[in-house]
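Observations on chain architecture
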Amino acid sequence: MNNNLTDKDKRDWNTFLKSEDKLPNKDLKNKEKKTFKTQSIDLHGYTLEKANVIVESFINKNFKEGTSKLVIVTGKGLHSKNEADPFVSKDLSILKYSVPEFIKNNEELMKKITDIREADVKDGGSGAFYVYLKKLK
């Protein structure tokens, strides 16, 4: 301890220790579980073009409403009819890959987004993804 404390500092410290008012514990406050206002959409059955239009509208609407987390279900593409068309790539034409790529390439949408991640198993796992939105200023 520093012995260069003034008498006033010592008195103030003793007064603080004796008082009932205590400083809040920031560690306990930060451990509170964060809750997100969440919305979800299921894109099963949509064409790629229609899905992109719907997703763009969905993100814009929820950004304006203050939603913080979106669950976008694309499916895994297991039942896609793309296998019948030899000119369509099985990997790139399914919504699972194309919709997140559409979002990442859209500068206006990315201005509203903080993160895009694969969803937990309870929300669809590899057949879905999360979009975390910024707060509207």
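Up top is the structure these notes are about.
As a starting point, this report considers the structure included with it.

Definitions and limits used
All chains use their own residue numbering, which begins from 1 and follows the written sequence. Thresholds applied to this predicted model are a pLDDT of at least 70 for local features of residues and 80 or more for the giving and counting of side-chain atom pairs; totals over whole chains, interfaces and linings are not thresholded and use all residues. Where side-chain values are given, they derive from all heavy atoms of the structure, hydrogens and water being excluded. Secondary structure elements are defined from DSSP: runs of H or I of at least 4 residues count as helices, runs of E of at least 2 residues count as strands, and each element is numbered from the N terminus. Type-normalised accessible area, obtained with a 1.4 Å probe on protein chains alone, sets the label of each residue: buried when under 20%, exposed when over 50%, and partly exposed for intermediate values. Note on contacts: a residue pair is in contact if any heavy atoms of the two residues lie within 4.5 Å. Computed by Shrake-Rupley with a 1.4 Å probe, the accessible areas treat only the displayed protein chains as cover when residues are assessed. Put simply, buried Ala, Val, Leu, Ile, Met, Phe, Trp, Tyr and Cys residues joined by side-chain atoms within 4.5 Å make one nonpolar core. Salt bridge, as used here: a side-chain nitrogen of Lys or Arg that lies within 4 Å of a carboxyl oxygen of Asp or Glu. If DSSP finds at least two bridges between two strands, the strands pair. Note on geometry: axes are C-alpha line fits, over the in-contact stretch for helices, and angles between N-to-C directions span 0 to 180 degrees. By convention, a stacked pair of Phe, Tyr or Trp rings (six-membered ring in the case of Trp) has centres within 6.5 Å and planes under 30 degrees apart, an edge-to-face pair has planes over 60 apart, and any other such pair is tilted. Two limits define a charge over a ring: the Lys NZ or Arg CZ must be within 6 Å of the ring centre, and within 35 degrees of the ring normal. The term polar contact refers here to a pair of N or O atoms within 3.5 Å; inside protein, the definition further demands a hydrogen-donor-capable atom paired with an acceptor-capable atom, and it admits residues adjacent in sequence only when both atoms are side-chain atoms. For classification purposes, angles smaller than 35 degrees are called roughly parallel, those larger than 145 roughly antiparallel, those between 65 and 115 roughly perpendicular, and all remaining angles oblique. For any pair of crossing helices, the crossing counts as left-handed if the nearer helix is rotated counterclockwise from the farther one by less than a right angle, and right-handed if it is rotated clockwise. Lys, Arg, Asp and Glu make up the charged group, whereas Ala, Val, Leu, Ile, Met, Phe, Trp, Tyr, Cys and Pro make up the nonpolar group; the residues left over, Gly among them, are polar.

In this section: the overall build of the protein. Along the backbone of the protein there are 5 helices and 4 strands. When the helices and strands of the protein are placed in sequence order, the string is α-α-β-α-β-α-α-β-β. Burial analysis of the protein (137 residues in total) assigns 29% to the buried set. Sequence separation of 24 or more characterises 57% of the internal contacts of the protein that already satisfy a separation of 6 or more. Carbon and sulfur atoms provide 52% of the accessible area of the protein, an area that totals close to 10600 Å².

Attention now moves to the nonpolar core. Core analysis: the largest hydrophobic core is formed by 19 residues, its most contacted members being Leu43, Ile59, Ile72, Val99, Ile103, Ile113 and Val131. For this core, the secondary-structure elements that each account for two or more residues are α3 (48-65), β2 (69-73), α4 (95-105), β3 (113-118) and β4 (128-133). Per element, the largest residue contribution to this core is 6 residues, and it comes from α3. Among residues more than four places away in sequence, those in contact with valine 131 are Ser68, Lys69, Leu70, Ile72, Ile103, Ile113, Asp115 and Ile116.

Turning our attention to the pattern of salt bridges. Taken as a whole and judged by the stated rule, the model has 5 salt bridges. For lysine 8, the salt bridge goes to aspartate 12, with nearest N and O atoms at 2.8 Å. Of this pair, lysine 8 and aspartate 12 both sit in helix α1 (residues 7-18), 4 residues apart, roughly one helical turn. Take aspartate 12: its relative accessible area is 40%, and that puts it in the partly exposed class.

On to the sheet that holds strand β1 (residues 38-42), then. Pairing in this open sheet of 4 strands is mixed, and the strands run β1-β2-β4-β3 from one edge to the other. Looking at the sheet topology across the chains shown, the edges are occupied by β1 and β3. Put simply, the sheet's adjacent strands are angled 20° from each other on average, direction ignored. As paired elements, β2 and β4 share 5 bridges and run antiparallel to each other. The residue bridging lysine 69 from the neighbouring strand is tyrosine 132, located in β4.

In this section: the packing of aromatic side chains. Scanning all chains against the criterion turns up 2 aromatic pairs. Stacked on the ring of tyrosine 130, the Lys or Arg lysine 69 has its end atom at 4.2 Å from the ring centre.

This part covers the side chain of asparagine 106. Relative to the helices and strands, asparagine 106 resides in the loop between α4 and α5 (107-110). For asparagine 106, a relative accessible area of 14% translates into the label buried. Of the polar contacts made by the side chain of asparagine 106, one reaches the backbone nitrogen of leucine 109; its length is 3.1 Å.

Orientation of α3 relative to α4, taken along the N-to-C sense of each, is 45°, at an axis distance of 10 Å. When the axes of α3 and α4 are compared, the pair comes out oblique. As for the relative orientation of α3 and α4, their crossing is right-handed in sense. Contacts between α3 and α4 involve Leu48, Ala51, Asn52, Val55, Glu56 and Ile59 from the first element and Leu95, Ser98, Val99, Phe102 and Ile103 from the second. Among the residues making up the contact of α3 with α4, the classes are represented as 8 nonpolar, 2 polar and 1 charged.

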